[in-house]
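Residue-level listing of the chains:
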Amino acid sequence: MRLVTFPRFRFLTILALSMLALTPEAYAVDTATRATEFKLANGMDVVVIPDHRSPVVTHMVWYRVGAADEVRGKSGIAHFLEHLMFKSTDKIPVGEFSKIVSRLGGQDNAFTGHDTTAYFQRVAKDRLGKMMEMEADRMVNLRLDEKEVLTERDVILEERRSRIDNNPSALLDEQMNAALYLNDPYGTPVIGWYHEMQKLSRQDALTFYKHYYAPNNAILIVSGDVTPDEVKTLAEASYGKIPNNPDVTTVRHRPSDPPPLAPRRLEIKDPRAGNYSLQRYYLTPSYVTAKPGEAEALDLLMKITGSGTTSRIYKKLVVESKLATSAGGDYSGSNLDSGNISLYAVAADGVPLPKVEAAIDDVLAEVAKNGVTEAELARAKRSYLADYIYESDNQATLARRYGWNLAIGRTVADVENWPAAISKVTADDIKKVAGEYLNLKASVTGYLIPDQSGVAQAQDAPPPSANSELR
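What counts as what
Residues numbered from 1 in each chain as written. Predicted model: local features only at pLDDT ≥ 70, side-chain atom pairs only at ≥ 80, totals over all residues. Heavy atoms only, no water. Helix = DSSP H or I, 4+ residues; strand = E, 2+ residues; numbered from the N terminus. Buried < 20%, exposed > 50% of the residue type's maximum accessible area, 1.4 Å probe, protein only. Contact = heavy atoms within 4.5 Å. Areas by Shrake-Rupley, 256 points an atom, 1.4 Å probe, with all protein chains shown as cover. Core = buried A, V, L, I, M, F, W, Y, C linked by side-chain atoms within 4.5 Å. Domains from an automatic or database assignment. Salt bridge = Lys/Arg side-chain N within 4 Å of Asp/Glu carboxyl O. Phe/Tyr/Trp six-rings, centres within 6.5 Å; stacked < 30°, edge-to-face > 60°. Lys NZ or Arg CZ within 6 Å of the ring centre and 35° of its normal. Axes fitted to C-alpha atoms, helices over the stretch in contact; angles between N-to-C directions. Parallel < 35°, antiparallel > 145°, perpendicular 65-115°, else oblique. Nonpolar A, V, L, I, M, F, W, Y, C, P; charged D, E, K, R; others polar. pLDDT = per-residue confidence, 0-100. Pairing = 2+ DSSP bridges. Expected span 1.5 Å × (residues − 1). Left-handed = near helix turned anticlockwise from the far one by under 90°. Polar contact = N/O pair within 3.5 Å; in protein donor to acceptor, adjacent residues only side chain to side chain.

As for the overall build of the protein
Then step 1. In terms of helices and strands, the protein carries 17 helices and 13 strands.
Then step 2. Counting only residues that meet the buried cut, the protein has 55% of its 471 residues in that class.
Then step 3. Excluding contacts between residues fewer than 6 apart, the proportion of contacts in the protein whose partners are at least 24 apart in sequence is 83%.
Then step 4. Looking at the protein as shown, the accessible area adds up to about 20400 Å², and 53% of this sits on carbon and sulfur atoms.

Written out as structure tokens, the structure is:
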């Protein structure tokens, strides 16, 4: 699944996973209930995932607020505040937060998405109380100096220039999302639009902070060498002292998209683009908004159709027809408002993009018409269950799994029952969601074209004909 986040540093570790045949015993052990949850008196949710193999813990605080909760015209404020949270409080001098964690032998980081913002530290278990004390302190006592705010604003503007504006593929992604979401705030980039970021102020950050950063809008996740009783004692002594904020509610209201009526297309010509490539996004339900079983079926559909070198798209476009040098796709369902399917292909030398696009459409049409085979479905399920078990072996990944799902309104039971839900998906379920959601009217297609004119330009693109040539 594809998640759009902006970390201060790279957080995700990509595990190299092989297709494994899992024994029933291994499956039962690794999918058993392992998390304990409770709520502090001030409304803060707490989840504890014991793992006693080594004397370390991962401590995460998730806020139920992200870029999609920003006021229009203030894009980027959620991510900007995430940066500013590393400034100072009355107890912690400017820039010392991460240095203290480092001196204690730990690591820390943070990231912002459309639906959530999270902060975390990985430390020895005897440092957990100190981490809670520091995190609780900056939850309510952040101090922002005007000069420091302006300096940090320059940092995020440079981050946007380096990660988005200097990357033609990122620009294409940004433009396609803006076209895919007609009204939903997911069409606004997490990092923000440059012209709005330039105007973000200290007061904007404080207003956002004071409204959303409160214990009753936060989830504490602790995984590692601890017991629920130990976490509860420490949490009540730190976070438990903070009063709740009656002005913030866990019910989130956002503008929604109208029914899509027409496919959208665009192209970007850029001299920095190395290859001719295309992307296609489809609007779908997410795990939060889908009917029972639909999101799991979409996950398996894209596992079979677009994931890796054994996927249908890769084999058809890269191995058999040699129309592309790379191709694939995935389903992103870990969102509050909606999910999406994304597909991509990099054209082989001399192959026009419409021909590559037509080949992708043939693969999708075949799946929608005839479904998938039982062998493909069984292999995809084994792969996902192997992923789930191996990722459960990573303390930080485990904490992130629970935190992200709870931040978008799912439950501990949803997280722990996911393997069982995946196991129930049938070939007919996949055929049904393919027929319903691979709908061009709910899609946007983008072409990235190397252009030697030296001027990057975005423009509406006409629909391609079977014989059209773009190169």
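Quick notes on the nonpolar core
Then step 1. Among the nonpolar cores identified, the biggest contains 91 residues, and Trp-62, Tyr-213, Leu-220, Ile-221, Val-231, Tyr-239 and Tyr-402 are the most heavily contacted of them.
Then step 2. Split by domain, the residues of this core number at least three in each of domain 1 (36–241) and domain 2 (264–453).
Then step 3. In this structure Ile-221 touches Val-47, Ile-49, Thr-58, His-59, Met-60, Trp-62, Ala-399, Tyr-402 and Gly-403, once residues within four positions along its chain are discounted.
Then step 4. Membership of the second largest hydrophobic core comes to 49 residues, among which are Ala-380, Tyr-388, Ile-430 and Ala-434.

What to know about the pattern of salt bridges
As a working rule, side chains carrying opposite charge can pair if their charged atoms are close by.
Then step 1. All told, the structure shown has 28 salt bridges when counted by the stated rule.
Then step 2. A salt bridge links Arg-312 to Glu-376; the nearest nitrogen and oxygen atoms lie 2.8 Å apart. With a gap of 64 residues between them, Arg-312 in helix H11 (residues 312–320) and Glu-376 in helix H13 (residues 374–391) connect regions that are remote in the sequence. We note that Arg-312, like Glu-376, is buried.
Then step 3. What you see here is one network of salt bridges that share partners, running through Asp-69, Asp-115, Arg-252, Arg-254 and Asp-337.

Regarding the packing of aromatic side chains
Then step 1. Applying the stated criterion to the full structure yields 15 aromatic pairs.
Then step 2. On the numbers, 6.3 Å between centres and 45° between planes, the contact of Phe-86 with Tyr-119 is tilted. Highlighted residues: Phe-86 in the loop between helix H2 (77–84) and helix H3 (97–103) and Tyr-119 in strand E6 (residues 117–124), separated in sequence by 33 residues. For the pair shown, Phe-86 and Tyr-119 are each scored as buried.
Then step 3. Note on Tyr-287 and Tyr-331: the rings are 6.3 Å apart at their centroids and 45° apart in plane angle, and the pair reads as tilted. Of the two residues, Tyr-287 sits in the loop between strand E9 (277–284) and helix H10 (294–306) while Tyr-331 sits in strand E10 (residues 324–332), which places them 44 residues apart along the sequence. Just as Tyr-287 is buried, Tyr-331 falls in that class too.
Then step 4. Taken together through their ring pairs, the aromatic side chains of Tyr-63, Phe-86, Phe-97, Tyr-119, Tyr-209 and Tyr-213 make up a single cluster.
Then step 5. If you follow Arg-138 out to its NZ or CZ, it ends over the ring of Phe-86, 4.6 Å from the centre.
Then step 6. Directly above the aromatic system of Phe-111 lies the positively charged group of Arg-400, at a separation of 4.3 Å from the ring centroid.

Some points on unusual backbone geometry
With glycine set apart, most residues show a phi of negative sign, and most peptide bonds adopt trans.
Then step 1. Non-glycine residue Lys-322 carries a positive phi angle of around 55°.
Then step 2. Within the secondary structure layout, Lys-322 lies in the loop between H11 and E10.

Digging into the packing of H10 against H13
Then step 1. Running from N to C, H10 and H13 cross one another at 105°; their axes reach a closest spacing of 9 Å. Considered as vectors, H10 and H13 are oriented roughly perpendicular to each other. In contact with Asp-299, Leu-300, Lys-303 and Ile-304 of H10, H13 contributes Glu-376, Leu-377, Ala-380, Lys-381, Ser-383, Tyr-384 and Asp-387.
Then step 2. Across the contact of H10 with H13, the residue classes tally to 5 nonpolar, 1 polar and 5 charged.

Concerning the confidence of the model for the protein
Then step 1. Confidence in the prediction of the protein, expressed as mean pLDDT, is 91, and 89% of residues score 70 or more.
Then step 2. With pLDDT under 50 throughout, residues 7–29 is counted as low confidence; its partners more than four residues away or in other chains account for 36 contacts.
Then step 3. Across residues 460–471, confidence stays below pLDDT 50; counting only partners more than four residues off in sequence or on other chains, it has 23 contacts.

Here we look at the pairing of E10
Residues in a regular strand project their side chains so that they alternate between the two faces of the sheet.
Then step 1. Summarising the sheet, E10 and strand E11 (residues 339–347) pair through 8 bridges and their orientation is antiparallel. From the neighbouring strand, Gly-329 faces E11, where its bridge partner is Leu-343.
Then step 2. Taking the residues that link successive antiparallel strands as the turn, the E10-E11 hairpin has 6 residues.

Observations regarding the pairing of strand E8 (residues 264–270)
Then step 1. A large share of E8 lies buried, amounting to 6 of its 7 residues.
Then step 2. By the bridge criterion, 7 bridges tie E8 to strand E12 (residues 443–450) in an arrangement that is parallel. Bridging across to E12, Lys-269 finds its partner in Ile-449.

Quick notes on H10
Then step 1. If you check H10, its first and last C-alpha atoms are 18 Å apart, about what 13 residues at 1.5 Å a residue would give, namely 18 Å.
Then step 2. Immediately beyond the C-terminal end of H10, within one or two residues, lies Gly-308, with a positive phi of roughly 85°.

Comments concerning the packing of H11 against helix H12 (residues 353–370)
Then step 1. Running from N to C, H11 and H12 point in directions that differ by 145°, and their axes come no closer than 10 Å. Considering how the two elements wind past one another, H11 and H12 form a crossing that is right-handed. Residue-level inspection shows Arg-312, Ile-313, Lys-316 and Leu-317 of H11 in contact with H12, the latter providing Val-356, Ala-359, Ile-360, Asp-362, Val-363, Glu-366 and Val-367.

So, the side chain of Asn-335
Then step 1. Structurally, Asn-335 can be placed in the loop between E10 and E11.
Then step 2. Among all residues touching Asn-335, those that are not within four sequence positions of it are Asp-115, Tyr-186, Ser-286, Val-288, Asn-340 and Ile-408.

Side note on the environment of Arg-103
Then step 1. Note on placement: Arg-103 falls in helix H3.
Then step 2. A polar side-chain atom of Arg-103 sits 3.0 Å from a polar atom in the side chain of Glu-96.

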